[in-house]
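Secondary and tertiary structure notes
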Amino acid sequence: MGFDLARRRLLSAVGAAGVAGALGLGASDAFAASGRPSSGSRGSSGSRGSSGSRRSAATIIHGGRVLTGLPYVPQQEAIAVGRDGKILAVGPASLVRRLAGRDTDFVDARGGTVMAGIIDAHAHCLEAGSRTLNPSLGNETFTVAALQAKLTEFLNASKDQEPDGWLVVEDWNPVGLPAGTETHHRVLDALPTRRPIALRGSDAHNTWVNQRALELAKITSSTPDPAGGRIVHDSAGAPSGLLKDTAQDIVEGVIPPPDRDELLAAEAKALRQAASSGITTYLDAATQTGGLGTYADLADSDRLLQRVIPALRLDLDLIRDPKAALAYVDEQRAQYAEVPGLCFGTAKVFLDGVIEHPAQSAALLEPYLDGHGKPTDNRGDLYVTSTEYGRLAAVLDRAGWQLHAHAIGDRAVRTALDGYEAAIRANGRRGNRHTIAHLQLVHPDDYRRFAPLGVVACMQLQWAMRDVWTVDALLPYIGPDSHRLMYPARSLERHGAALAGGSDWPVDPLDSFNQIRTAIDRDGDDGALYPEREGISRATSLRMHTAGSAHQLRVDRETGVLTPGRAADVIVLDRDVTRVPVKDITGTKVRLTLAGGRRIWDADQLGAPASATSFAARPASLASVHGRHAACGCQG
């Protein structure tokens, strides 16, 4: 539901009760206006408040500043959650307390913010869980000798896997070796083992393997590059051991899968980690069939905590055959539509790769520089043409599916916009909120195209700071003029684009409020990244990570703001994020997370802090932590 419609619903309750009634707080007819009957309570024991003609609240949260998320409604004092998992009332504490029954649970917010749950519009939570089953390099920088020493530690800790067990290591930093270091299998071959080794890049676009792994995957000098990927070769023409994008799948196909029960336990823990960060809904930004089966298993064991919108990943064969792509997504939806918590309607496409040196697989309008200011002949990799994307968009759009495009470079962004424009020409406007994710570079001529096309800009603004990724690995290779255009959040907002926010976890560590803060001041340990040009307001940042993401995912009739009748997706914070200094938004702790009125995180419960331990250890400097990864809706 848009803000205007929400306002009309809110104001429809105005009567003798005045403004209090408009907020769902006064007479019983105010509650009837939000679609609930005036008596009885599904799932309750018949408990009622002081007025026996209305339902009592299951939970009342008071003692804080309730941020409704509606720009024209002032902050309130309390919120009541009904026994049906929906918001019963928001308003002055004295009125909300009238909804208390004999067994109503009262929560004291202790002066903190009460707000809508975070809606992560681009994440990979299942992958965050699976990564914990392997040792991690923590995105740190290493010399070659230090890297070999660290990997030897991992080998010594798993000697029982000799000589054939895979050593799979997570969070290798592709830009974390000294300048000029070749990521060649010889570095890994020098380790004291015969085991196959795979280092998975923290950006999810690069994997580095040893010779044994290449042999098991049957990758030779004559192995062709797969569509959408590249097998890097050395000066002699042999595979170097570095695999980019879909070339990684060749090796992944021969790595034995983990134990199923262990994997599910790790993925369930990841969802609890997301709950501890305030996430009540998220888009799984590259879902494949195996992931849907995992969600079904988690739901069966009551461990699927959040509302999940799977963005069904399309490979290049499907992208180039739109009818087959439509048949595929329809089939997946039909098979898994009954899984509680899953909401279908989005397909995912990778248009390009990543922009940082040495990968440079993001598609640019102008060629990369050689590091000394001279243009090269490399404009990156565009995996799908504008014509192909337009055909796909037209077919899926007509069937009610929306597309979520990974686009880092400005050429990929333009390709996505061209495709969505083609869909509108073919079908008219059908209300599908097609999306472009990441948007590291957008040509200024394209800022104005988003709003008229109804395209959502899904941005990961925790990346928008000065660090090794945005300076050392980028500035010399795109030049200062393009560098100043990075992550153009304010420019897109100024041109009317709808903004949504995502974490891309585990490519980045999960820290919802650091993400919200960075969008505002774009500041990190190594300095700020053009906040005077592209920093957004506190209100905009909070909105893009709640109502903005709900709009992108087409769940805005159900969640994203706190108004009567919407799902009680509510979080309680340890501070007032609307008033503390911007820098202090980072460090915000989530005390309580409700999803549909159900407690999925409670920091006061015994053992909760241990459950909330971050999955990816944050290095001492944020400069070594940021990765780049490769969308999004639900009919509501």
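Figured I'd write up the structure that's included with this text. If you're wondering where the values come from, they're calculated on a predicted model, not measured in any experiment.

A few words now on the side chain of Glu 170. Turning to its location among the elements, Glu 170 is positioned in strand E8 (residues 167-172). Those residues in contact with Glu 170 that lie beyond four places of it in its chain are Arg 131, Asn 134, Pro 135, Ser 136, Leu 137, Gly 138 and Arg 200.

In this section: the environment of Gln 248. Looking at the secondary structure, you find Gln 248 in helix H9 (residues 248-252). Residue classification places Gln 248 among the buried residues on the basis of a relative accessible area of 10%. With 18 residues separating them along the chain, Gln 248 and Arg 230 place their C-alpha atoms 8.5 Å apart. Not counting residues within four places of it along the chain, the set of residues in contact with Gln 248 comprises Ala 204, His 205, Asn 206, Thr 207 and Leu 243. A polar atom in the side chain of Gln 248 sits 3.3 Å from the backbone oxygen of Ala 204.

To continue, consider the pattern of salt bridges. Following the criterion strictly, the structure yields 30 salt bridges and no others. Across the pair Arg 110 and Asp 604 runs a salt bridge, and its minimum N-O distance is 3.3 Å. One end of the pair, Arg 110, is in the loop between strand E5 (100-108) and strand E6 (113-116); the other, Asp 604, is in the loop between strand E24 (598-602) and helix H23 (608-611), and 494 residues separate them in sequence. A residue is classified by how much of its surface remains accessible, and Arg 110, at 55% relative accessible area, is exposed. Its salt-bridge partner being Arg 307, residue Glu 558 comes within 3.7 Å of it at the nearest N-O pair. Taken as a pair, Glu 558 in the loop between helix H22 (547-553) and strand E22 (570-573) and Arg 307 in strand E14 (residues 307-313) lie far apart in primary sequence, 251 residues in all.

Below, the discussion takes up the pairing of strand E3 (residues 78-81). Across the two faces of E3 the burial is the same, with Ala 78 and Ala 80 and Ile 79 and Val 81 all buried. Note: strand E1 (residues 57-62) against E3, three bridges, orientation antiparallel. Pairing of Thr 59 across the sheet is with Val 81, part of E3. Sheet topology places E3 next to strand E4 (residues 87-91); four bridges connect them, and they run antiparallel. When the bridges of E4 are listed, Ile 79 appears paired with Val 90. In sequence, E3 turns back onto E4 through a hairpin of five residues, with Gly 85 there showing a positive phi of about 80 degrees.

Reading guide: rules and limits
Residues numbered from 1 in each chain as written. Predicted model: local features only at pLDDT ≥ 70, side-chain atom pairs only at ≥ 80, totals over all residues. Heavy atoms only, no water. Helix = DSSP H or I, 4+ residues; strand = E, 2+ residues; numbered from the N terminus. Contact = heavy atoms within 4.5 Å. Buried < 20%, exposed > 50% of the residue type's maximum accessible area, 1.4 Å probe, protein only. Polar contact = N/O pair within 3.5 Å; in protein donor to acceptor, adjacent residues only side chain to side chain. Salt bridge = Lys/Arg side-chain N within 4 Å of Asp/Glu carboxyl O. Pairing = 2+ DSSP bridges.

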